[in-house]
Amino acid sequence: VQLQASGGGLVQAGGSLRLSCVASGRTFSGYVMAWFRQAPGKEREFVAGISWSGGIIYYPDSGKGRFTISRDNGENTVYLQMNSLKPEDTAVYYCAAERSGILTKASREYDYWGQGTLVTVSS
């Protein structure tokens, strides 16, 4: 599976961005999808995850109420809608796929990674 993330950019605090991640190469079926982010000098952080059916979604406290993950299995695409962005959301955002179907926030469990898209939030 190849993952291609896009949608990052420069936005002012309080603004919104929508990230997209398109999967290609083989079947997307059954995969858990997630978004992670990594700010300079910090460890990679789980942002949101969604099960294959979309029935299970998990956000850590940092994104609750502001971030929404969704997926379109017909288009092999997962999205991350980010609202009310803060300067501390500045990071490279990565999409990831986990083939066993287990939704987890542990980055080591994910099998495929996109190249990352940079989100910069100015104050």
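That block above? That's the structure.
The rules behind the values
- Residues numbered from 1 in each chain as written.
- Predicted model: local features only at pLDDT ≥ 70, side-chain atom pairs only at ≥ 80, totals over all residues.
- Heavy atoms only, no water.
- Helix = DSSP H or I, 4+ residues; strand = E, 2+ residues; numbered from the N terminus.
- Rg over C-alpha atoms; globule rule 2.2 N^0.38 Å.
- Buried < 20%, exposed > 50% of the residue type's maximum accessible area, 1.4 Å probe, protein only.
- Contact = heavy atoms within 4.5 Å.
- Areas by Shrake-Rupley, 256 points an atom, 1.4 Å probe, with all protein chains shown as cover.
- Lys, Arg positive; Asp, Glu negative; His and termini not counted.
- Charge placed at Lys NZ, Arg CZ, Asp CG, Glu CD.
- Phe/Tyr/Trp six-rings, centres within 6.5 Å; stacked < 30°, edge-to-face > 60°.
- Lys NZ or Arg CZ within 6 Å of the ring centre and 35° of its normal.
- Core = buried A, V, L, I, M, F, W, Y, C linked by side-chain atoms within 4.5 Å.
- Salt bridge = Lys/Arg side-chain N within 4 Å of Asp/Glu carboxyl O.

Enquirer: Looking at this structure, I do not really get the overall build of the protein chain. What am I missing?
Expert: Regarding its fold elements, the protein chain presents zero helices and 11 strands. Taken from N to C terminus, the helices and strands of the protein chain fall in the order β-β-β-β-β-β-β-β-β-β-β. For 123 residues, the compact-globule formula gives about 14 Å, and the C-alpha radius of gyration of the protein chain, at 13 Å, lands near that figure. Along the longest, intermediate and shortest principal axes, the C-alpha atoms of the protein chain span 40 × 25 × 25 Å. The 123 residues of the protein chain split such that 45% are buried. For the protein chain, the share of sequence-separated contacts (at least 6 apart) that also reach a separation of at least 24 residues comes to 57%. When the accessible area of the protein chain is evaluated, it comes to approximately 6200 Å², of which 46% is carbon and sulfur surface. Side-chain charges of the protein chain comprise 12 positive and 10 negative groups, with the mean position of each set lying 1 Å from the other.

Enquirer: How should I be thinking about the packing of aromatic side chains in this particular structure?
Expert: Scanning all chains against the criterion turns up seven aromatic pairs. Seen from their ring centres, F36 and F46 are 5.4 Å apart, and the 80 degrees between their planes marks the pair as edge-to-face. Of this pair, F36 sits in strand β4 (residues 32–38) while F46 is found in strand β5 (residues 45–50), placing the two residues 10 residues apart along the sequence. Of the two residues examined, F36 and F46, each falls in the buried class. Ring-pair connections join several aromatic residues into one group, and the members of that group are F36, F46, Y58, Y94, Y110 and W113. Seen from the ring of Y94, R44 lies directly overhead, with NZ or CZ sitting 4.0 Å from the centre. Directly above the ring of W113 sits R44, whose terminal nitrogen or CZ lies 4.7 Å from the centroid.

Enquirer: How should the nonpolar core be read in this particular structure?
Expert: For soluble globular proteins, nonpolar side chains are generally found buried alongside one another. In this structure, L3, M33, W35, L80, M82 and Y93 are the most contacted members of the largest nonpolar core, which totals 30 residues. Only β1 (2–6), β3 (17–24), β4, β5, β7 (67–72), β8 (77–82), β9 (91–98) and β11 (117–122) provide two or more residues apiece to this core. Not counting residues within four places of it along the chain, the set of residues in contact with M82 comprises G15, S16, L17, L19, R66, F67, Y93 and V119. With six residues, the next largest nonpolar core counts V32, F36, F46 and Y110 among its residues.

Enquirer: Hey, could you run me through the pattern of salt bridges in this one?
Expert: Two side chains that carry opposite charge are able to pair once their charged atoms sit near each other. All told, the structure shown has six salt bridges when counted by the stated rule. In this structure, R66 and D89 form a salt bridge, with 2.7 Å as the shortest nitrogen-oxygen distance. Here R66 is found in the loop between β6 (57–58) and β7, whereas its partner D89 is found in the loop between β8 and β9, with 23 residues between them in sequence. No difference in accessibility class separates R66 from D89, as the two residues are buried. Residues participating in the shared-partner salt-bridge network are R37, E45, R66 and D89.

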